[in-house]
Amino acid sequence: MTDDPTGEGTDQPHTRREARDSSTSTGGAPLADEAFPRFDAESIPPRPPLPDDLPVVPVETLATGDHNAIREQWRAARDEFGTHVSHARDQLDLANERIKERTGRDLIVAILIGLAFGGALLASLLFIKVLFVPFALAAALMGVYELSLALRTSGRRIDVVPQLIAGGLLVLSAFFLDLWLVWITLFLAVAFVIVWRLVAQMIVKDGRTYGDVLADVVIGGFVQIYVPFLAAVALILLKQDGGEWWVLSFIAIAVAADTGAYAAGLAFGRHPMAPRISPKKTWEGFGGAVVASIAAGVLLAVFLLGVPWWIGAIFGVAILLSATLGDLGESMLKRDLGIKDMSSWLPGHGGLLDRLDSILPSTIPALCLYFLFSSWTVL
């Protein structure tokens, strides 16, 4: 212990501030041992001089220039691509107009609509064949409506609503009733539209001649036979064992015949087939239809129906003849009515009945060939 009140004689450690002050006041002694050698600033080599001819390019200016150049290149490429697309579109439109002028059909729109209808038809037959029934019913009713309106424009008295009612019942009976009941339904449908027309004429009393009334009655019955009954025959074939494949086959052959005739007529058509009935149909087109229908019939017979190839050839020829007669018959009817198309509902095709003119008559030979050759299935 000590009597010194300031504590100066004690061995207590100095604080940091006291140690710094004492070092500063006494001048301090730098550390110079092996672990911390003395630093000599003169030992640092001098910095080498920069070259005098080095160009100084601002970084911001270089980046902006590159960006502008890239943007100009993209703009030029985009403009060039747009020019090529516009040129290709003009060439396609020009070719389409030439085809339309020669055949009277918008090729691009016709192909798109044909693919849409073909996809719906194919889906209804591949999965559940009963789904084809509303498809056939809608097509038949639209065909009856188109034909009735076309006949009315020519001066015939056709009652649209009774035609639709009778046609709808006739089509549905083909799938849900026995075959003998379908014939009775056909008789009732024709009798219904005839009696309706006669009663309506008696009520109106507009002085229409007996000849005109008789023509109205006969034509009204013809509408039921031409559209609903032929559609009903397709449904009779559909409900048979494996009938959906025969329905798909005869429609595919009819479409192949129409496509082959169109392509061959467009490329080689020179000699008109029936100039007074349909001046755009040529013998060259008919030759293309023969090749396409027989080829389609043979392929479908072997790979889809499972029957010998020669049955497919017969199938193709039969559908070709019925499709050609149906097409010419509808052309004769339109020429007699003084119209080009039954309607304009389907751009590029005209009316629905203009596309069914070759399919509807083909239902009868397809059903006959099914009953004749379905037992020849190759196992």
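All figures in this text were calculated on a predicted structure; none of them were measured in a lab. (Residues numbered from 1 in each chain as written. Predicted model: local features only at pLDDT ≥ 70, side-chain atom pairs only at ≥ 80, totals over all residues. Heavy atoms only, no water.)

Examining the environment of Ala318
Summarising the element assignment, Ala318 is placed in helix H10 (residues 309–337). In sequence terms Ala318 and Phe250 are 68 residues apart; their C-alpha atoms lie 9.6 Å from each other. The residues touching Ala318, leaving out its near neighbours within four places in the chain, are Pro365 and Leu369. (Helix = DSSP H or I, 4+ residues; strand = E, 2+ residues; numbered from the N terminus. Contact = heavy atoms within 4.5 Å.)

Considering the nonpolar core
Most often, soluble globular proteins keep nonpolar side chains buried together rather than apart. By size, the foremost hydrophobic cluster in this structure holds 61 residues, and its most contacted members are Phe132, Leu235, Phe250 and Phe315. Broken down by element, this core gets its largest block of residues, 13 residues, from helix H7 (residues 210–238). Not counting the four nearest positions on each side in its chain, Phe250 is found in contact with Ala234, Leu237, Phe315, Ile319, Ile359, Ser362, Thr363 and Ala366. (Core = buried A, V, L, I, M, F, W, Y, C linked by side-chain atoms within 4.5 Å. Buried < 20%, exposed > 50% of the residue type's maximum accessible area, 1.4 Å probe, protein only.)

A closer look at the environment of Thr282
In this structure, Thr282 sits in strand E2 (residues 278–282). Between the alpha carbons of Thr282 and Pro272 there is a distance of 4.1 Å; along the sequence they are 10 residues apart. A polar atom in the side chain of Thr282 sits 3.1 Å from the backbone nitrogen of Gly285. (Polar contact = N/O pair within 3.5 Å; in protein donor to acceptor, adjacent residues only side chain to side chain.)

Focus on a nonpolar patch on the surface
Together, Leu122, Leu126, Phe127, Ile128, Val130, Leu131, Leu172, Phe176 and Leu177 make up an exposed nonpolar region whose accessible area comes to about 830 Å². Elements represented by at least two residues in the nonpolar patch include exactly helix H3 (107–126) and helix H5 (160–176). Position of Ile128 relative to the elements: it lies in the loop between H3 and helix H4 (132–153). Judged by its relative accessible area of 49%, Ile128 falls in the partly exposed class. (Patch = residues over 30% accessible without salt bridge, like charges linked within 9 Å, V, L, I, M, F, W, Y side chains within 5 Å. Areas by Shrake-Rupley, 256 points an atom, 1.4 Å probe, with all protein chains shown as cover. Salt bridge = Lys/Arg side-chain N within 4 Å of Asp/Glu carboxyl O.)

Let's talk about the packing of aromatic side chains
On inspection of all chains with the given rule, the structure shows 11 aromatic pairs. Pairing Trp310 with Phe373 gives two aromatic rings, centres 5.9 Å apart and planes at 90°, and the pair type is edge-to-face. Here the residue Trp310 occupies a position in helix H10, and Phe373 occupies one in helix H12 (residues 363–373), the gap between them amounting to 63 residues. Overall, the relative accessible area of 9% leaves Phe373 in the buried class. Feature note: the residues Trp246, Phe315, Tyr370 and Phe371 constitute an aromatic cluster, connected by ring pairs. (Phe/Tyr/Trp six-rings, centres within 6.5 Å; stacked < 30°, edge-to-face > 60°.)

A closer look at the confidence of the model for the protein
Low-confidence regions, as indicated by low pLDDT, have predicted coordinates that should not be scrutinised in detail. When pLDDT is averaged along the protein, the result is 80, and 72% of the positions lie at 70 or above. Across residues 1–10, confidence stays below pLDDT 50; counting only partners more than four residues off in sequence or on other chains, it has two contacts. Across residues 23–28 the pLDDT falls below 50, and counting only partners more than four positions away or on other chains, this stretch makes one contact in the model. (pLDDT = per-residue confidence, 0-100.)

Digging into the side chain of Arg197
Mapped onto the fold, Arg197 is located in helix H6 (residues 179–204). Take Arg197: its relative accessible area is 8%, and that puts it in the buried class. A polar atom in the side chain of Arg197 sits 2.9 Å from the side chain of Asp159. Arg197 has contacts with Arg157, Asp159, Asp216 and Val217, leaving out every residue within four places of it along the chain.

A look at the packing of helix H8 (residues 243–268) against helix H9 (residues 283–305)
Between H8 and H9, the shortest axis-to-axis distance is 7 Å and the interhelical angle comes to 150°. When the axes of H8 and H9 are compared, the pair comes out roughly antiparallel. In the crossing of H8 with H9, the sense of the turn from one axis to the other is right-handed. Its residues placed into classes, the contact of H8 with H9 shows 16 nonpolar, seven polar and one charged. (Axes fitted to C-alpha atoms, helices over the stretch in contact; angles between N-to-C directions. Parallel < 35°, antiparallel > 145°, perpendicular 65-115°, else oblique. Left-handed = near helix turned anticlockwise from the far one by under 90°. Nonpolar A, V, L, I, M, F, W, Y, C, P; charged D, E, K, R; others polar.)

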